[in-house]
Amino acid sequence: MSFNFGSRIPPTKEFNDTEIERFEKFGFENKLIEARKFKYFGFAFYIVLFIILVLSTS
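The model shown is predicted, which means the values in this text are computed figures rather than measured ones. (Residues numbered from 1 in each chain as written. Predicted model: local features only at pLDDT ≥ 70, side-chain atom pairs only at ≥ 80, totals over all residues. Heavy atoms only, no water.)

Undergrad: So what's going on with the overall build of the chain? Which residues, and what values?
TA: A tally of regular secondary structure across the chain gives 2 helices and 0 strands. By the burial criterion, 7% of the 58 residues in the chain qualify as buried. Per element, the accessible surface of the chain, about 5,100 Å² overall, is 69% carbon and sulfur. (Helix = DSSP H or I, 4+ residues; strand = E, 2+ residues; numbered from the N terminus. Buried < 20%, exposed > 50% of the residue type's maximum accessible area, 1.4 Å probe, protein only. Areas by Shrake-Rupley, 256 points an atom, 1.4 Å probe, with all protein chains shown as cover.)

What follows is the structure, encoded as structure tokens:
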């Protein structure tokens, strides 16, 4: 999952944020745009998955 709920195995959210900071620091504009886009897609995926789960159990 792309969210860190207190678990240190694996620290995915911290890794993603570190990579975005690195892309900003070194000027990798295309990578920065892609990283932000896929971070949004990951968040949207979990929202849609939650909605499907709620709808399927009701």
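Undergrad: Now, about the environment of Ile33: what can you tell me, with residues and values included?
TA: Note on placement: Ile33 falls in helix α2 (residues 29–57). For Ile33, a relative accessible area of 55% gives the class exposed. A C-alpha to C-alpha distance of 9.3 Å links Ile33 and Phe23, two positions 10 residues apart in sequence.

Undergrad: Tell me about a nonpolar patch on the surface, residues and numbers included.
TA: Together, Phe43, Ile47, Phe50, Ile51, Val54 and Leu55 make up a nonpolar patch on the protein surface, roughly 580 Å² of accessible area in all. One can find Val54 in helix α2. (Patch = residues over 30% accessible without salt bridge, like charges linked within 9 Å, V, L, I, M, F, W, Y side chains within 5 Å. Salt bridge = Lys/Arg side-chain N within 4 Å of Asp/Glu carboxyl O.)

Undergrad: Describe the pattern of salt bridges, listing the residues and the values that go with them.
TA: This model, assessed by the stated rule, comprises 3 salt bridges. The salt bridge involving Asp17 is made with Lys39; its shortest N-O contact spans 2.7 Å. Taken together, the positions of Asp17 in helix α1 (residues 12–26) and Lys39 in helix α2 put the pair 22 residues apart, joining distant regions of the chain. We classify Lys39 as partly exposed; its relative accessible area is 39%.

Undergrad: An account of the packing of aromatic side chains is requested, with residue identities and associated values reported.
TA: A complete count under the given rule lists 4 aromatic pairs for this structure. Summarising the aromatic geometry, the rings of Phe23 and Phe28 are spaced 6.3 Å apart at their centres and angled 80° between planes, so their arrangement reads as edge-to-face. (Phe/Tyr/Trp six-rings, centres within 6.5 Å; stacked < 30°, edge-to-face > 60°.)

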